[in-house]
Structures are given as structure tokens and as C-alpha cells.
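Chain by chain, the residues run as shown.
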Number of protein chains: 2
Amino acid sequence: MSLTIRLHIAPYKTLNLSDINKTKISSFSTRIRPKPIYHSNSLIHFVYDKPKMLDSSNPVESSIPSIKSSLIEPDGGALVDLVVPESERGARALEAESMPKVRLTKIDVEWVHVISEGWASPLTGFMRENEYLQSLHFNSLRMADGTVVNMSLPIVLAIDDETKERIGSSKNVGLVASDGDLIGILRSIEIYKHNKEERIARTWGTTAPGLPYVEECITSAGNWLIGGDLEVLKPIKYNDGLDHYRLSAQQLRKEFDNRQADAVFAFQLRNPVHNGHALLMNDTRRRLLEMGYKNPILLLHPLGGFTKADDVPLDVRMEQHSKVLEDGVLDPKTTIVSIFPSPMHYAGPTEVQWHAKARINAGANFYIVGRDPAGMGHPTEKRDLYDPDHGKKVLSMAPGLEKLNILPFRVAAYDTVAKKMAFFDPSRSQDFLFISGTKMRTYARTGENPPDGFMCPGGWKVLVKYYESLQVEEAPKKPTVLST
Amino acid sequence: MSLTIRLHIAPYKTLNLSDINKTKISSFSTRIRPKPIYHSNSLIHFVYDKPKMLDSSNPVESSIPSIKSSLIEPDGGALVDLVVPESERGARALEAESMPKVRLTKIDVEWVHVISEGWASPLTGFMRENEYLQSLHFNSLRMADGTVVNMSLPIVLAIDDETKERIGSSKNVGLVASDGDLIGILRSIEIYKHNKEERIARTWGTTAPGLPYVEECITSAGNWLIGGDLEVLKPIKYNDGLDHYRLSAQQLRKEFDNRQADAVFAFQLRNPVHNGHALLMNDTRRRLLEMGYKNPILLLHPLGGFTKADDVPLDVRMEQHSKVLEDGVLDPKTTIVSIFPSPMHYAGPTEVQWHAKARINAGANFYIVGRDPAGMGHPTEKRDLYDPDHGKKVLSMAPGLEKLNILPFRVAAYDTVAKKMAFFDPSRSQDFLFISGTKMRTYARTGENPPDGFMCPGGWKVLVKYYESLQVEEAPKKPTVLST
């Protein structure tokens, strides 16, 4: 069922939150699934597809038995699963013994994890050149049947000259971890040039030195990329005490079925959850209920792969998220906390598409997007690397994401009158305090408490403990001087 | 009518010419309209749509009266024409008097020319931010009806802080030439940030200093872009003696109708035509005839806007092209020579899409693409800026170009045995001489003759004369020293 709502807003600025405030739209139910209009001046269409079971002639109650993991179809129609069945692992390991080996970095293994569980469906391995070029130039892949799927980040495996030489004319290679353990096989390989400068420029929109993923993964990587079809010998595990949080895309879909979700809204994050985030997530749920959904489920989905050095580490964040649920800030009955295994690029508008696309594959049909998603400061200039509004604009127009409902953030800040996090009200802007990530870290580091109601006490303690432990670690580096 | 041909080539490298040679494909009629296949290993589909009149049950002769300028539809369905009707020009000029003015550079005027004649259809003016972002990230625009058109280059107008200030809250601006003459009006304007670094990185895949278009147009341009709907007071003319060559997209479509073309194949160039080019164009025509087309017309379409300093100037190239037709190397009966008004970006795989897309709008349904289209040397490193094969690969997969038949070049070189330009035969590679543009210019500059059969004598004389004139101009710069 397709529902079309027309609103008059002039000029055309679909996603500008301040405009939306001005036009007094009381519910964002009219703002989901914006489809950009070409050179339109005054008429905006917002179209979204409601699941069939919400058809008014077909009450939810009677249709619950028909709820499937198909609130939203995986890209390409079927979720990719590249883990070799247990019964065949021995034979594959034996077969791989004679293959040339490619040694994977920690981040390569994170990508193997991502691909093997179908987060990047329909991708069935590291990209060959045709996929790489489409990703780089079009942020999407055209399938054999003419349909288009989103694919904004090149998911590639770099090898050096010596490895390329060693592979020679072999068709298949074995993929091994840094300790030499066999992780998987890449079949029908294709080796092509790794033009790092072009890859960086087209992915990040800058070639300035200091981009975290580039420094970590690209600068010192080999001059060749190797693509092919992936097989993984067994599910990737990290044995860091957090594997139980790492639900695969398939497991998440099953969990949404088990909970009889009729809407799933995903929240991507790589930071601690404060009460502004919580307000936003709870408000989203409230509005989904208002729209007629009976059981919207929140997927609180922290990113678990590579992050930059000054981000809060995954284990601390997971502990903090647990406290947020324990303290009742988010409702465990309607929330699933799970780890998204992807590494972080900090590539702004290009990367936010990947974050949304991967959640489609995990069964989320609503995606929350905020200010400057996947952004960071420019590495060499005193400004944001990306225009903070570009992320949601690009996301709303991205090829292959038409089926996903995009929910733009409302800006939350600390309301010094109500003494809690609240949606920013521009008519009394002087009452609001914006607490940046840097500010938050400064509070935690110096032991100063943030304003009451900024974060639940249990969650805040986790952060304070983490920053205290950092100071203990850092302390011995400083010369011990007795003050006189 | 859709015609599908399947070929077995393993591994999958659709457009690699050396592979095509190896598989002994005798006619490229089997290679047109390649549609990329996702993760296929051994089976390649090539699909092309033949015009209806070539349906075997519907002989060409009987259908000629039905030939329209619709061998291929303009992007968006209708060719954009933004020139104000003569009867209304006075009123518009009067109206513009009270508008804030934006002063255009020479290259801005070239873009006004391009947009106003519909080469960039369905674009109706300089890009607003939503179009700019789609162009930058997706190389395409999604229309209100969900269809996608190709749009790989940002077609934008930069203004500085002072101009932005002067425009204030005006909705419309007048566009004036450097001499102050009113050229047109931009209506319902939108002003947004011009992030030059990001624009350059995403368009060129590098931010290295020395890119000709960047140095000429972007580095010193303003920090804002202004988009809106364009009206042009009268057709853009240059009064350089070449305006009669500047057929609009609409005029070209009419000319193809007049000639009763049943196929139009476009050849984009910015260099003199040598006999290797001619061989290729004549061979293309021969093969189109073999495929059943009765009257294929060649659009020889030199680029007429900004080019870099060491390219041969437009007037010299036009004189050289005339000689090529006079000398009978190309047949004037089946060739239309016209100037493509766009400036040159030298942006390789990104720009070749623009070159092809603009020719769709002019009615060409076949597009010839060669090695490293729109490429150049890297400005700071000793290598090609782009992988020479990427242009045709990207073009063959580009969103919105599915309806265009892409014809990859066969490589031509000087056959020292046959003493003429011929298709390169790898089995006797020692017999072939590759004459680069640099080599050709060296011949012309030093007065040395290239090998017989490299270029028709009339065309060669034009080049020699041009390079002689350069030496005369350059001479006074050198100190005059009497040798003893």
C-alpha cells in the first residue's frame, strides 16, 4: 500500500529541520520516505510504503501470524550467507591447503565478517573491479535484472606486489588470520590496481592526511586489490566477551519475528547514549505507534569494528548501553541491543548510506539519521569535514534506498529550565545548552558532573570509570615532579 | 525490439579489447550495449535495442516516413530549450533591470550556452544543491517519476561573498557578460556552500594542483554556488567565424531527420583527426550497415569550449576537420561536423559520461569510446591520471545511459608494412608504430613529415601552419643573439 501526503512548503527544503519546525508539522509521520522532486518549487510529496498488514481493511491482530522477517527485503532479494556448513569444513580446509595464502589484517577480518553474514548483500565477496568502479562512481550496483542496490563504500581487499606474485595464475586463494589460521577462501579471483589516491578522493571527498581509516588501512596497504567469491570456514568470533551481542543479520531478522515486530527502527551509534538520544528513540517509538504500528522495535546498533583512537572503546560503550537499559531509560521489552560488525570510515554522506543499507539487510525498515552522520572534523582545517546537513540529504536521495523509511533527527539539547534533555525550541534558544562529545568527554575526564538529566547515573559512572582508567595509564608517562 | 546475444568469455572482462581480440570476435555488432552482470563468471550478455523500423517484419523502406528525431529520446523525455521567444525579450530585459546582477566568466557563458540548448536536459538551469549532491555522489539525478538520468559533472555557477551579499533575499538575478551585457535570468535561486575541495576530489578523484579546469575555474571562484531556473535572452553566439558550426541539439536532431538517418554515431574529439580516427569512423559505419542499418550518419563533434593551453585551438581544428572532409577521408554525405559547446574538464571516467549523455540529447544513439577518454597525465606524478580502461568500463555501467549503444574503440596504429593507419594486430606487433599526440605535435613543430598515410596532406598542412605561427609568436620572447 502506498500512501501519499502533499504539503506546501516553499522553498523546497525537504529535510531542513528548522523549516519543518516553522511549518508546524506536529508529527513526523508526514515526513518519512521523502522522494526528491526535480526542480519543484512549492509542492513536496512524501510517500511511504506501509506494510500490508497495516492496511485498514486488514486489522493487525488477524495478520500477526503472517509477520515474517520480511518487513523489508534484503538487497538482491535474499540474504547472503557465506559460512560453510559444518559438515563441509574439513574438506574445504583440506582443499585450501594447496592454495596461495593472503594474510588478513584485523580490519580485513571485520570485513570478512560483514560480507559473510550478508550485511553487504547482494555482495558475495570482496569487490571485483566492476563492482569497485560502480561503488566509487555511482554509490550503487546495477544487478543483472536491471535493479539497483546501494553500495557506497568500496569493500575491497588490498594485497602487495609480493603476494600478487605468489598468487600467480591461481584462481582461488586461502585467507588467513595474522596467526596463520585459515579463515576462508576467495574463489574466481580478480586482481586489479589499487589507485589509493582516487579511492580516497572519491570516498572521502578529500585527500588531506589524517583520515583515521586511511591512515590505518590504506596508506600502508598494497598496490593491488583482489576480488572474488568468499567462503568462510566458520562464523567470525572475537572472544572478547561481547560475541553474544554480535547477532548476525539473519539472527536479527529472526529476533524481530520472535518479537512480532511490525516496524523496526535502527539507531546507528559509536558514542555513549545520553538522554537526548533516548528522548529521540522513545519519541520515534511514540510516533510510530501514533501512525498505527502496534509493535515497533528499536534496534540500538552500536558499530563494533575499527574506530578512531579517541572514540570510546566498544566494551565501555556496551557496558554504558546496558546501564541505560537497566536504568529504564530505554525499555528492554521493545529494544534490541546488538553490535554492528563494520569498521568505521568516517566518510560522512558516503558512509551513512552504508550504515543504512546494512540495516535494511538486518530487517530494519526505518532508519534514524541525524546531524553530520559518520562525520568528523576536517583533519587539517578548522571546520567540519562535511556539511552537517549533507548526510541526510544524500541519504534521502541515494539510489537503492528508496524502500527504506528515513527518519531525520530532531535536535535535542539540555533544557536548563526543565532540567532535562528536550527537543530544541528555537523560540527560547537561550534556555538550551548544547553538550558536544568533546564537552562530555571533558566532564568525564575531569570528574565534573554534567547537568542533572543529561545521562542516567549508571551510564555516566561507566564513562567516568573509563576516563579515570585512562589517566592511570597515562600517568606514568609524565615526569613525576614534586611541587615546592 | 530487444536482441540478446550470449558469448562465452572467461573470466568476465566485457570491455577489455585485448580479450576481445583473443576471442576472435569479427564484428563489434555483438559487442554493443553491454550490460554488466553481477558476479557472473563465464557468461556475458550483450543486449541492444534496435529502432523499431529495423524490425525484420517491418522493412525500412516502408517505415522511412515515420523516422523522427526520436532515434533516441532526450533525457527527461523532452529537449530543454531556455531561449526566450523574440517577442518577449524586451519585457524580460526590462524586468531584469531591477534584479541584482551576477557577472559571468567566459566559461560560465559556455555553460549557459550548454544548458539553454538542452545538452544537459532535463536540467533547466544551474544546479541547486539537491542536484549538485546527486551529481557529485551518484553521477545521476532521480526524477520525480523515479526514472534516473545521467548527470556526472556538477554544472554550477560560483559567486563570491560580495555578490551573495548584494543578492540578499532576491528571488531572481540577472546574468551579465564581462562587458555588462545582459545574457539571461536565473529564477527561484538557491545559494549554497561551494566546498571546492570536496567538489574537486569527487569529480577528478584527485586534489593535486595543476588540473586545468580547476586552475581556470574553481581555485579563484567564489565560496558559494547559485542554482536556479535559467532563461536566456537570445541564443549564445561567439562571433568568431565558427558560429555556423554550432548547431544546437535541436538543430542536430532536425538535420538527422532531414538526412533520414536510421542510426547516428557520435565521435567526441578535441584533437586533429588522423587517419586512424578516420579508419575507426569508417569502419563503424561499415559495421552498422552490416547490422542492417540503411543510413548511419556520423556526428563528428569536436568540443568547442574551454580546453587546456597545449591543446590545438578550436579554429585550427575546425580548419583541419574541413580538410579531412575535402580530401575525402570522411564522406561529407554521411558526416555532420558540428561544435559541441561544452568546456572540457579532463575528468576521465566522470566526464566521459557527460560527453555521452549530451550526445543522447542531440539525437545520437551510438557513442564511440576509446582509450582513456577525457583523460590526461597526472598533474604531479609521472603516470596517466586515470586507468586508461576505466573510462569505457564506467561508461558501460553508468546509470541513465542504458539506452545508448556504447561502441568501444579498436586500437589503430601506423602499419609500417602496409604504410597506412590500420587496426593493431597483436600477432605482428613489431610492424606497428604508435604515434602519440606529443609525437604528432613534435613532427608538426619541427616541420618533419609524419609517415605517409598518417594524416591527409591537406589536414597536415593546417597543423604545420599553426605550429609555425606559434614559433613566430614565441620568437620575440627569446633574446636576439647574432651568432659569430
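Rules behind the numbers
- Residues numbered from 1 in each chain as written.
- Chains lettered and ligands numbered in written order.
- Predicted model: local features only at pLDDT ≥ 70, side-chain atom pairs only at ≥ 80, totals over all residues.
- Heavy atoms only, no water.
- UniProt positions renumbered as here; feature names shortened; annotations may be inferred.
- Least-squares fit on C-alpha atoms with pLDDT ≥ 70 in both.
- Contact = heavy atoms within 4.5 Å.
- Pairing = 2+ DSSP bridges.
- Helix = DSSP H or I, 4+ residues; strand = E, 2+ residues; numbered from the N terminus.
- Axes fitted to C-alpha atoms, helices over the stretch in contact; angles between N-to-C directions.
- Buried < 20%, exposed > 50% of the residue type's maximum accessible area, 1.4 Å probe, protein only.
- Arc of directions from axis to C-beta.
- Phe/Tyr/Trp six-rings, centres within 6.5 Å; stacked < 30°, edge-to-face > 60°.
- Lys NZ or Arg CZ within 6 Å of the ring centre and 35° of its normal.

Going by an unreviewed UniProt entry, chain A carries the name sulfate adenylyltransferase and comes from Manihot esculenta. Looking at chain A in UniProt, the text filed under Sequence similarities (unreviewed entry) is "Belongs to the sulfate adenylyltransferase family." Per its UniProt entry, chain A bears the Subcellular location (unreviewed entry) comment "Plastid, Chloroplast".

*Asks:* Please explain the relation of the copies chain B and chain A as it appears in this structure.
*Replies:* Both copies of the chain are related by a screw-like operation: a rotation about an axis and a shift along it. The two copies are related by a screw motion: chain B maps onto chain A through a turn of 180° and a shift of 0.0 Å along the axis, at an RMSD of 0.0 Å. One copy is carried onto the other by what is essentially a two-fold rotation axis. When the interface residues of chain B are mapped onto chain A, 100% of them are again interface residues, pointing to one common binding face.

*Asks:* Sorry, what's going on with the sheet that holds strand 13 (residues 366-369) of chain B here?
*Replies:* All names here are of chain B. In spatial order, the strands read 12-11-10-13-14; together these five strands make up an open sheet with parallel pairing. Both outer strands of the open sheet, strand 12 (335-337) and strand 14 (405-408), are each paired with one neighbouring strand and no more. The average undirected angle you get between the axes of adjacent strands in this sheet is 25°. With three bridges connecting them, strand 11 (residues 296-302) and strand 12 associate as parallel partners. When the sheet's bridge partners are listed, leucine 298 is paired in strand 12 with threonine 335.

*Asks:* Explanation requested: helix 9 (residues 249-258) of chain B in the structure shown.
*Replies:* What sets the pattern is the α-helix's 3.6 residues per turn: residues three or four places apart point alike. All names here are of chain B. Among the residues of helix 9, those classed as buried are Ala249, Leu252, Arg253 and Phe256. The buried residues of helix 9 all sit within an arc of 100° when viewed along its axis, so they share a single face. Helix 9 presents Lys254 and Asn258 as exposed residues on the side facing more than 90 degrees away from its buried surface. Just downstream of helix 9 lies glutamine 260, where phi reads positive at about 55°.

*Asks:* Mind showing me how you'd approach the packing of aromatic side chains here?
*Replies:* When we look at a pair of aromatic rings, we describe it by the centre distance and by the angle of the planes. Inspection of the entire model under this criterion finds 22 aromatic pairs over all chains. Each ring, one from Tyr293(B) and one from Phe366(B), has its centre 5.6 Å from the other, and the planes form 85°; the classification is edge-to-face. You can see Tyr293(B) sitting in the loop between helix 10 (275-290) and strand 11 and its partner Phe366(B) sitting in strand 13, a full 73 residues away along the chain. The exposure classification of Tyr293(B) matches that of Phe366(B), with both residues buried. Ring pairs connect the aromatic residues Trp111(A), Trp119(A), Phe340(A) and Trp354(A), which therefore count as one cluster. It is Arg359(B) that lies over the ring of Phe340(B); its NZ or CZ is 3.9 Å from the centre.

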